[in-house]
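# A structural walkthrough
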Amino acid sequence: MKKKQKKFTEQTACESEERYRILFDNMLDGLAYCKMLYHRGNPVDFVYREVNGAFETLTGLKDVVGKKVSEVIPGIRESDPELFEIYGRVAMTGVPERFETYVEALDMWFSVSVYSPEKEYFVALFDVITERKRAEEALRISYRLLQIALSQTDLAQLLLECIKEIKNYTGCAAVGIRILDEKGKIPYQAYDGFSRSFFELESPLSIHDDTCMCINVIKGTTDPKLPFYTEGGSFYMNGTTRFLATVSADEKGETRNVCNQVGYESVALVPIRFNDPILGLIHIADPRENMVPLRKVEALEKVGMQLGTTVLQMKAEDEVRKLNAELETRVRDRTAQLEAANRELEAFSYSVSHDLRAPLRAIDGFSKVLMDKYSVQLDNDAQRYLDIIRSNTQQMGRLIDDLLSFSRIGKQEMRLSRINMERLAREAFEQIQSQHPDRLIDFKVESPPPASGDTNMIKIALTNLLSNAVKFTGPRNEPIIEFGGSAENNENVYYVKDNGVGFDMKYAGKLFGVFQRLHGRDEFEGTGVGLALVQRIIIRHGGRVRAEGAVNEGAVFHFTLPIKGGGS
């Protein structure tokens, strides 16, 4: 009997081990079972005890079992100390953790879940999310540059803000922007990280007299067959000393090697374009190697096109300001140029909109295809990631639409007429209420005087103010919204009041700025453009707008309209 029991136990154990092995070998996520090594209580290394096939497929690392990670990936302790801290903490405390991390030694992003089956041991279950993170990075810098373009009116300041974003994106020590002038020179319009002597040496370069990589990029004479040029017309190098020491003079191309002489090992020169014409270049440099990988150079080529549109827009706006300062006798001759500048400004808005919409539609569309066709094969985390991707791309789409509305309202022709403000407010509220049929809102109208203005524009302003009131009274059991007004001196003063969540008055100055939000998007939806649109409409009518409020005590928005009309 004991023999049969022992045989049964052994057979059960074998079957259990076989099932475990099948599951282990067929997992799509990578798995590594490791022993953590400590020195004086600090995690310093770990040994791979077992890994599955997906580990090797995802990381490209082979034959790691029995080896220390410092042997498998030299330099990882220095480049990714946070990874050791997390694994060491989990292996010691037994408390599982989930995180996303960039492993510099592998140049890869991972989503990791880690737990400890016994003290000083840990199991890491992971997936590679590099492509998603890179797409997010590219979208983030394009979106940030769009914000800068819409918030700045001074070209020099705009270029400095752009340089900060590019430095942050690349992690490089020095970034400069050079713009081609009418004489054929390419001086730095803005820079950060280059020495003054380097700036003074390089700024006088001319496309007529000098020969170097900068000139090749500006003139569009790059050859993508050579390893240091891209299809988009950029130059990049991640180890200039090694390169210059190992290739012939013909293969080096024509260059003065100034960047290498001052110690820059990683260099990228990215053209700034408007359509095909090249307006200038983005110069990136760093004394470390491998700081400008091809993927980042290609992402910056899109930034260069976006920046080219912005530079042309800013130049057009500067020209308009010069025209306004010139003698009246020249205004007639310059009218055609002003109209062209306005067309360029409109083209800028549409160009940015379409350039952003295309990748957004692609991301949203392919995410939906993945969810529709492969949902059964995707685990909960993967489906959640796709939901997050779709939610963010759709939010970006709404931002683009609101920005276009904001841009167009300043150019729209005004048609002034007498406005029944009570009726207009009730119409606007009814439209908003129809979108929230399950909410009972007490809407009061206190006999506002009639106004003089553009009916469509004023309705847009009222709709935005009332929509905000409806949104921020959401947490209230008995929401109350009031609209009224009175005549004071030569203007009518109107108000929209609510008993919602309110706001802190010390942040009131931010309310009417584009993208300025006093509440998180996870608390209240919105794009941060509505109140900026209200302010633009009221100012066009010659009025003013202001806000009062207190946290959890509601808010009041006041706006004025001239009794006899006005504005621009």
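One structure accompanies this document, and this report is about it. Fair warning: this is a prediction, and the values are worked out from it, not measured in the lab. (Residues numbered from 1 in each chain as written. Predicted model: local features only at pLDDT ≥ 70, side-chain atom pairs only at ≥ 80, totals over all residues. Heavy atoms only, no water.)

## Regarding the packing of helix α6 (residues 130–151) against helix α7 (residues 155–170)
- Direction vectors running N to C along α6 and α7 enclose 165°, while the axes themselves pass 10 Å from each other. In terms of orientation, α6 and α7 fall into the roughly antiparallel class. In the crossing of α6 with α7, the sense of the turn from one axis to the other is right-handed. Each of Glu137, Ile141, Arg144, Leu145, Ile148 and Ala149 in α6 lies in contact with α7, whose residues at this interface are Leu158, Glu161, Cys162, Glu165, Ile166 and Tyr169.
- Tallied by class, the residues present in the contact of α6 with α7 amount to eight nonpolar, no polar and four charged. (Axes fitted to C-alpha atoms, helices over the stretch in contact; angles between N-to-C directions. Helix = DSSP H or I, 4+ residues; strand = E, 2+ residues; numbered from the N terminus. Parallel < 35°, antiparallel > 145°, perpendicular 65-115°, else oblique. Left-handed = near helix turned anticlockwise from the far one by under 90°. Contact = heavy atoms within 4.5 Å. Nonpolar A, V, L, I, M, F, W, Y, C, P; charged D, E, K, R; others polar.)

## A closer look at empty space enclosed by the protein
- In the structure shown here, the tally under the stated rule is four cavities of 30 Å³ or more.
- Approximately 220 Å³ is the volume found for the second largest cavity.
- For the second largest cavity, the lining is made up of 20 residues, of which Tyr48, Phe55, Leu83, Tyr87 and Phe126 are closest to its centre.
- Elements with a contribution of two residues or more to the lining of the second largest cavity: β1 (30–39), β2 (42–51), α2 (53–59), α5 (81–93), β3 (97–103), β4 (108–115) and β5 (121–128).
- Of the residues forming the lining of the second largest cavity, the biggest block, three residues, is contributed by β5.
- Here the lining of the second largest cavity is built from residues that sort into 18 nonpolar, two polar and no charged. (1 Å grid on protein atoms, 1.4 Å probe; cavity = no way out; pocket = protein on both sides within 12 Å on 5 of 7 lines; lining within 4 Å. Points joined across faces, edges and corners; volume = space filled by probe spheres on them.)

## Digging into the pairing of strand β6 (residues 174–179)
- Within β6, six of the six residues are buried, which leaves it mostly tucked inside the rest of the structure.
- Bridge count for β6 against strand β10 (residues 278–286) is six bridges, and the pairing is antiparallel. For Ile179, the partnering residue across the bridge sits in β10 and is Gly280.
- In this sheet, strand β7 (residues 188–192) lies alongside β6 in antiparallel orientation, the contact comprising four bridges. Looking at the pairing, Val175 lines up with Asp192 of β7. (Buried < 20%, exposed > 50% of the residue type's maximum accessible area, 1.4 Å probe, protein only. Pairing = 2+ DSSP bridges.)

## Here's the deal with the sheet that holds β6
- Spatially, the five strands line up as an open sheet ordered β7-β6-β10-β9-β8, and their pairing is antiparallel. Two strands bound the open sheet, and with one partner strand each, they are β7 and β8 (235–237). Pairs of neighbouring strands in the sheet enclose a mean axial angle of 15°, with direction left out of account.
- As paired strands, β8 and strand β9 (residues 266–273) are joined by three bridges and run antiparallel to one another. Across the sheet, the residue bridging to Met237 is Val267, located in β9.
- Packing of α7 onto the sheet brings it into contact with β6, β7 and β10, and relative to β7 it is tilted by some 45°.
- Most of the contacts of helix α13 (residues 294–325) go to β9, to which it runs at about 40°, and overall it touches β6, β8, β9 and β10.

## Notes on the side chain of Thr560
- Looking at the secondary structure, you find Thr560 in strand β17 (residues 555–562).
- At 2.9 Å, the side chain of Thr560 and the backbone nitrogen of Arg544 are in polar contact.
- Filtering out sequence-adjacent residues up to four positions away, Thr560 remains in contact with Glu491, Asn492, Val493, Ile538, Gly543 and Arg544. (Polar contact = N/O pair within 3.5 Å; in protein donor to acceptor, adjacent residues only side chain to side chain.)

## Here we look at the side chain of Thr473
- When you line up the elements, Thr473 lands in the loop between α17 (455–472) and β14 (480–488).
- On the basis of relative accessibility, which here comes to 0%, the residue Thr473 falls in the buried class.
- Polar side-chain contacts of Thr473 include one of 3.1 Å to the backbone oxygen of Val470.
- Not counting the four nearest positions on each side in its chain, Thr473 is found in contact with Arg439, Pro479, Ile480, Ile481, Asp498, Asn499 and Gly500.

## Structural notes on the environment of Thr393
- By the element assignment, Thr393 lies in helix α15 (residues 380–409).
- Separated by 30 residues in the primary sequence, Thr393 and Ile363 place their C-alpha atoms 7.3 Å from one another.
- When residues no more than four places from it in sequence are discounted, the contact partners of Thr393 are Leu360, Ile363 and Asp364.

## Things to note about the sheet that holds strand β15 (residues 491–498)
- The sheet built from five strands is open, its strands ordered β12-β14-β15-β17-β16 with mixed pairing. Since the sheet does not close on itself, it has two edges, and those belong to β12 (442–446) and β16 (545–549), each with one partner. Between one strand and the next, the sheet's axes are offset by a mean angle of 15°, whatever the strand orientation.
- Here β16 runs beside β17; their pairing, made up of five bridges, is antiparallel. Along β17, the bridge assignment pairs Ala547 with Phe557.
- Helix-sheet contacts for helix α16 (residues 421–434) involve β12, β14, β15 and β17, and the interaxial angle to β12 is about 165°.
- The strands touched by helix α18 (residues 530–540) are β16 and β17; relative to β17, the strand with the most contacts, the crossing angle is about 25°.

## What to know about α6
- With 22 residues, α6 should reach 32 Å at 1.5 Å per residue; the first-to-last C-alpha distance of 32 Å fits that figure.
- What α6 keeps buried is the set Thr130, Arg132, Lys133, Glu137, Ile141, Ser142, Leu145, Leu146, Gln147, Ile148 and Ala149. (Expected span 1.5 Å × (residues − 1).)

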